[in-house]
Amino acid sequence: MSAVPVPANDKALAAAAAVDGGREEAAKLGFRLTLPAQILVLFIAAFPLLMQLYISLTDWAPLTGFGWWDAWELWNGFANYSDLVHDDRLWSALGRTGLVMLVCVPAEFLLGLGLATLFADDFPGKRLFYSILLMPMMVVPAVAGYMFFMLFQSGGPVNDVLSRLAGQPVAIAWLSDPTLALIAVMIADIWQWTPLMFLILLAGLVGVPDDQIKAATLLGANAWQRFTTIVLPKMKTIIVIALAIRLIENFKIFDTLYIMTGGGPGVATETISVYIYKVTTQDLIWGYVAAIALAILVVLSILAVLAMRRLAAASAKVAA
């Protein structure tokens, strides 16, 4: 008897099924091989978060005399979270942090955008100036803090320059005055992190299509019109990313500020990071600190998700 021929369509379906089956087996094998690493990563990420949540519901501290695993003996429920709502010093630190962000980030953005616009074109010595401009970003923040601590001393270089300009001795106590100390910290932050903003914005600026700018020039658009109608819309995503990076980093400002002022005079320059550091190392109220850190994490995560959604919606609108 002759074999019954198999239709070509059935052969194709069988081959496709075999390929799909092979891919499914490969996917299962890949999952099994990477499962230990995935569990390890999940443990590294989840364990500290869960431990922080656990500690935040207790009055545990290192000086209690027993380990954190027995912190349940000092269980206080949500008392730490209710305390932080009424902590005036905490809210003052948050407000001060917001003020630093409100001043430093826009200043760094405007300076970075202006410098990026200048460096978008070629000019003699561009590479040298480019290297010099990026140097502040390479300085360790603690070293930058010490540099500006020396610059803003009463007998330091800043007052010396002001004395020469004024023609009379100037001895401003920059780091002893509550307002001037915060201004000095802002100047240090702007000096160090404007290069980062410049670098990100320059990367976005050089990616703007030249043909659109040339076409706008031929149609009679001036430099400002080309910048506002072509360059800025094309850089929207880059600008949002640059601002988000600096807002997050500026919120955590610590090294430079702590070296310069230690949060003083008094608490005049105490940001949220400095406040948490002092409560952790001096007051040793670890349960309360855990509650503060967890509350900040939740709020910042919500804000980040909302910002990313708005960014995705804006990007989809521009693409359409």
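Overview of the structure. Everything quoted here is computed from the prediction, not taken from an experiment.

### Comments concerning the environment of Trp191
Following the sequence through the fold, Trp191 ends up in helix H7 (residues 178–205). Sequence spacing of Trp191 and Met308 is 117 residues, and the spatial spacing of their C-alpha atoms is 28 Å. Filtering out sequence-adjacent residues up to four positions away, Trp191 remains in contact with Pro136, Val139, Ala144, Met147 and Phe148.

### Some thoughts on a nonpolar patch on the surface
Together, Leu40, Phe43, Ile44, Phe47, Trp68 and Trp69 make up a nonpolar patch on the protein surface, roughly 640 Å² of accessible area in all. Residue placement: Trp68 occurs in the loop between helix H1 (8–56) and helix H2 (79–85).

### Quick word on the packing of aromatic side chains
One pass over the full model with this rule turns up 14 aromatic pairs. Measuring from ring centre to ring centre gives 6.2 Å for Phe148 and Phe152, while their planes differ by 20°; the resulting arrangement is stacked. The two residues Phe148 and Phe152 agree in class, both being buried. Seen in terms of ring centroids, Phe152 and Trp174 are 5.1 Å apart; in terms of plane orientation they differ by 65°. Their pairing is edge-to-face. Of the two residues, Phe152 is situated in the loop between helix H5 (141–151) and helix H6 (157–166) and Trp174 in the loop between H6 and H7; the sequence distance between them amounts to 22 residues. Taking relative accessible area as the criterion, Phe152 reaches 5% and is therefore assigned buried. Pairwise contacts between aromatic rings join Phe148, Phe152, Trp174 and Trp191 into one cluster.

### Considering the packing of helix H4 (residues 126–138) against H7
Close contact between H4 and H7 brings their axes to 6 Å; oriented N to C, the two are set at 125°. Of the possible angle classes, the one that applies to H4 and H7 is oblique. The interaxial crossing formed by H4 with H7 has left-handed handedness. For the pair H4 and H7, contact is made by Tyr130, Leu133, Leu134, Pro136 and Met137 and by Trp191, Gln192, Trp193, Pro195, Leu196, Phe198, Leu199 and Leu202, respectively. Among the residues making up the contact of H4 with H7, the classes are represented as 12 nonpolar, one polar and no charged.

Rules and cut-offs
- Residues numbered from 1 in each chain as written.
- Predicted model: local features only at pLDDT ≥ 70, side-chain atom pairs only at ≥ 80, totals over all residues.
- Heavy atoms only, no water.
- Helix = DSSP H or I, 4+ residues; strand = E, 2+ residues; numbered from the N terminus.
- Contact = heavy atoms within 4.5 Å.
- Patch = residues over 30% accessible without salt bridge, like charges linked within 9 Å, V, L, I, M, F, W, Y side chains within 5 Å.
- Areas by Shrake-Rupley, 256 points an atom, 1.4 Å probe, with all protein chains shown as cover.
- Salt bridge = Lys/Arg side-chain N within 4 Å of Asp/Glu carboxyl O.
- Phe/Tyr/Trp six-rings, centres within 6.5 Å; stacked < 30°, edge-to-face > 60°.
- Buried < 20%, exposed > 50% of the residue type's maximum accessible area, 1.4 Å probe, protein only.
- Axes fitted to C-alpha atoms, helices over the stretch in contact; angles between N-to-C directions.
- Parallel < 35°, antiparallel > 145°, perpendicular 65-115°, else oblique.
- Left-handed = near helix turned anticlockwise from the far one by under 90°.
- Nonpolar A, V, L, I, M, F, W, Y, C, P; charged D, E, K, R; others polar.

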